[in-house]
Amino acid sequence: MRQPSSLLARLRGPALLSLLDQGAVSGFGFLSGIAAARLVDMEAFGRFALVLIVASVAQAVHNALVTAPLMTLAGSARSPARYASAVVAGAVVLAAILALGVAGALSLYFAARGEAVPLDLVTAAGALTLAQNLQLTARRLLFVSDSGGAALVMDLSRAAAFPVAVAILWALGIPLDAVRLVDLLALTALAATLPVLVPRAVEPGRRTVAAAALRHWQMARWLLPVVLVTFGQEQLVWILAGASLGDEALGGLRAAQYLVGIVLLMLTATENVVPTGAGRAYDTGGEAALRAYLVGVTRRLGLPVGLLLVVMAVPADLWLRLVFGAPYVPYAPCLRWLALGVVFIFLRDMVGQIFRARRRTDVIFRAFAVSLPVSLALIQPLLARYGATGAAAAVAIGHGASLLALLAALARTKTPPATPAQSPSPRPEEGSPRC
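Predicted, not measured: the structure shown is a model, and the values here were computed from it.

What follows covers the nonpolar core. If you look at the biggest cluster of nonpolar residues, it comprises 137 residues, and the most contacted ones within it are Phe48, Trp238 and Phe324. At 17 residues, the largest contribution of residues to this core is made by helix α3 (residues 42-73). When sequence neighbours within four positions are dropped, the list of residues in contact with Phe48 reads Ala36, Ala178, Leu181, Val182, Leu185 and Tyr258.

What follows is the structure in C-alpha cells.
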C-alpha cells in the first residue's frame, strides 16, 4: 500500500490541477483540430491550420513577455493584487498589438502568394489571437494565486462551449468553413476568460505597472529572442512548407503535429508548476536542491513521455488513418520525425529550467540560437527533396541542435556560489515535485 499512497501524495495540490487543466486545454485543441479536419476539406483545414500556426507564434511572444516572467516573479511580489492588475493591464495592451500583427502578417502572406486577402479570415485570426492570449494570462494568474481549480473550470467551460456552438450552426444549416471555425474559437475563449480578468482589471497605478514591466523585461529580454529562434523558426518552417507545397501539405503536417501534441500536453502542464518549483528550490537550497528537483521531474515524466511517443510513432500511419482519415496517411513519416523532436524538447526544457532559476536566460538564448542557422541551412534542400517529411525533419533536427548547444553551455558553466539566503545543506525531498 505504500507505493499507491506515495503516488497519491505526489498527485495532490497544484501539480494535479495543472495536469488536469493542461489536459483540458490540449485535449480541446486536439479534439477541435480533429473536428475541423473532419468537417471541412483538406485545403480548408490547411487554412485553418495556418491561422493557428501564426496565432501560436503570437502566443509564444505573449508568453515570453508576460506569462513566463509572471510564473517566476509572482512569488516575490510585495502586493499580489496590485501586481496581478498590472499584469492584466500589460497583457491587454500586448494582446491587442499582437492581434493586429497577426492580421497584418496573414495579409502579407496571402498577398505574397498572389491571392486576394481574405478579410474575414484575417479578422477572425486577429480576434483569436487577442482571445487566446488573454485566456493564457488568466490561466497563469489563477495558478500563481493558488486558484488552479478556477482555471480548470474556465478552460473546461471553453472546451464545452465550442462543440455546442458548432452543433448549433450545424442544426441551423449554416455551412462550416475555416473562417467560422476560427470565429467560434475566438468567441468561446473570450466568453470563458472575461469573467476571470474583468475583476482583476482595476487601476494598478503607474508605478506598479512600470515596476512590473521592468522586472518582466529583465527576464523576457532573452526569452523573447529564444521564442524567435526556436518556436518561431519552427512555425516559419510550416509556413514555408505551406507556401511551397500548398495548403493540403500544411494540413497534413498539422495533423501529424496534433498527434504528437498529446505528448506535449504533459510538457506544457509543467509550465504551471516546474518554473516556480525550480525557482524556490534554487532560492532556498541552492544548486544542489535545484538539480535534485529537476532530476526528480525528469525521472517521473521521462518514462510516460517516452512510452507515449513510441506508441504514437511506430504505428503512425494507423493513427493518422483512424483519427483524420485516409488522405492523411502519407504524412506518417512526418509524425515520426516530430516524435523525435518532442524527445529533444523535453530534455531541453529540463536543462533550460536550470538557467531560468539562475535568472540566466541569456545563456538559454545563446544556446537556442544555434538551431536557427541549422534550420535555415536544412529547410530548402530537405523541402525540395523530401517534401513535407523534409519539413518535419528540419524541425526535429533544429530542436536537437539547440539541446546539444544548451548541454554544452551547462557543461561550461561553473556552479554559482550559494547566496546567504540559501541553505548550506538542502534536503532534496523538500524540492521534489508532486507531479
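After that view of the structure, there is still more to cover.
Overall, the coordinates contain seven aromatic pairs when judged by the stated rule. For the pair Phe45 and Tyr328, a centre-to-centre distance of 6.2 Å together with 80° between the ring planes defines the contact as edge-to-face. Of this pair, Phe45 sits in helix α3 while Tyr328 sits in the loop between α12 (316-323) and α13 (332-357), placing them 283 residues apart in sequence. The exposure class of Phe45 is buried, given its relative accessible area of 0%. Of the residues examined, Tyr328 reaches a relative accessible area of 3% and is grouped as buried. Seen in terms of ring centroids, Tyr258 and Phe324 are 6.4 Å apart; in terms of plane orientation they differ by 35°. Their pairing is tilted. Taken together, the residues span a long stretch of sequence, with Tyr258 in helix α10 (residues 247-269) and Phe324 in the loop between α12 and α13 at a distance of 66 residues. Note on Phe324: relative accessible area 3%, which makes it buried. Ring pairing ties together the aromatic residues Phe45, Phe48, Tyr258, Phe324 and Tyr328, which thus form one cluster. Taking the ring centre of Tyr258 as reference, the NZ or CZ of Arg254 above it sits at 5.2 Å.

Right, let's talk about a nonpolar patch on the surface for a bit. Taken together, the side chains of Trp337, Leu340, Val343, Leu347 and Ile397 define a hydrophobic patch exposed on the protein surface, amounting to about 360 Å² of accessible area. For the nonpolar patch, the leading source of residues is α13, giving four residues. If you trace the backbone, Val343 turns up in helix α13. Looking at Val343, the relative accessible area reads 33%, which means it is partly exposed.

Moving on, we come to the pattern of salt bridges. Scanning the model with the defined rule gives seven salt bridges in all. Measuring nitrogen to oxygen at the nearest pair gives 2.9 Å for the salt bridge that ties Arg139 to Asp155. A residue pair is termed long-range when its members are at least 10 positions apart, and Arg139 in helix α5 (residues 119-144) and Asp155 in helix α6 (residues 148-171) qualify at 16 residues. For Asp155, a relative accessible area of 3% translates into the label buried. Three or more residues joined by partner-sharing salt bridges are found here, namely Asp21, Arg139 and Asp155.

Each α-helix turn comprises 3.6 residues. Residues three or four places apart therefore point the same way. Taking 1.5 Å per residue as the helical rise, α3 with its 32 residues ought to reach 46 Å, and the 43 Å between its terminal C-alpha atoms agrees with that figure. The largest bend along α3 measures about 50° and falls at Asn63. Extensive coverage of α3 is indicated by the burial of 26 of its 32 residues. Two or three places before Glu43, at the opening of α3, Asp41 has a side-chain oxygen 3.3 Å from that residue's backbone nitrogen.

This part takes up the environment of Val198. Within the secondary structure, Val198 sits in the loop between α7 (178-197) and α8 (206-229). You can call Val198 exposed: its relative accessible area is 55%. Sequence separation between Val198 and Val88 is 110 residues, and the spatial gap between their C-alpha atoms is 9.0 Å.

Once that is clear, we can look at the confidence of the model for the protein. Per-chain confidence: the protein averages 82 in pLDDT, with 89% of residues scoring 70 or above. Confidence drops under a pLDDT of 50 for residues 1-11, and excluding neighbours within four residues, the segment shows seven contacts in the predicted structure. For residues 418-435, every residue scores under 50 in pLDDT, and the model assigns this stretch 28 contacts once sequence neighbours within four places are set aside.

Further remarks concern the side chain of Arg358. Its place among the elements puts Arg358 in the loop between α13 and α14 (361-368). Take Arg358: its relative accessible area is 9%, and that puts it in the buried class. Reaching out from Arg358, the side chain makes a polar contact with the side chain of Glu287 at a distance of 2.4 Å.

About the criteria used
Residues numbered from 1 in each chain as written. Predicted model: local features only at pLDDT ≥ 70, side-chain atom pairs only at ≥ 80, totals over all residues. Heavy atoms only, no water. Core = buried A, V, L, I, M, F, W, Y, C linked by side-chain atoms within 4.5 Å. Buried < 20%, exposed > 50% of the residue type's maximum accessible area, 1.4 Å probe, protein only. Helix = DSSP H or I, 4+ residues; strand = E, 2+ residues; numbered from the N terminus. Contact = heavy atoms within 4.5 Å. Phe/Tyr/Trp six-rings, centres within 6.5 Å; stacked < 30°, edge-to-face > 60°. Lys NZ or Arg CZ within 6 Å of the ring centre and 35° of its normal. Patch = residues over 30% accessible without salt bridge, like charges linked within 9 Å, V, L, I, M, F, W, Y side chains within 5 Å. Areas by Shrake-Rupley, 256 points an atom, 1.4 Å probe, with all protein chains shown as cover. Salt bridge = Lys/Arg side-chain N within 4 Å of Asp/Glu carboxyl O. Expected span 1.5 Å × (residues − 1). Bend = angle between axes of the 7 residues up to and from the residue. Polar contact = N/O pair within 3.5 Å; in protein donor to acceptor, adjacent residues only side chain to side chain. pLDDT = per-residue confidence, 0-100.

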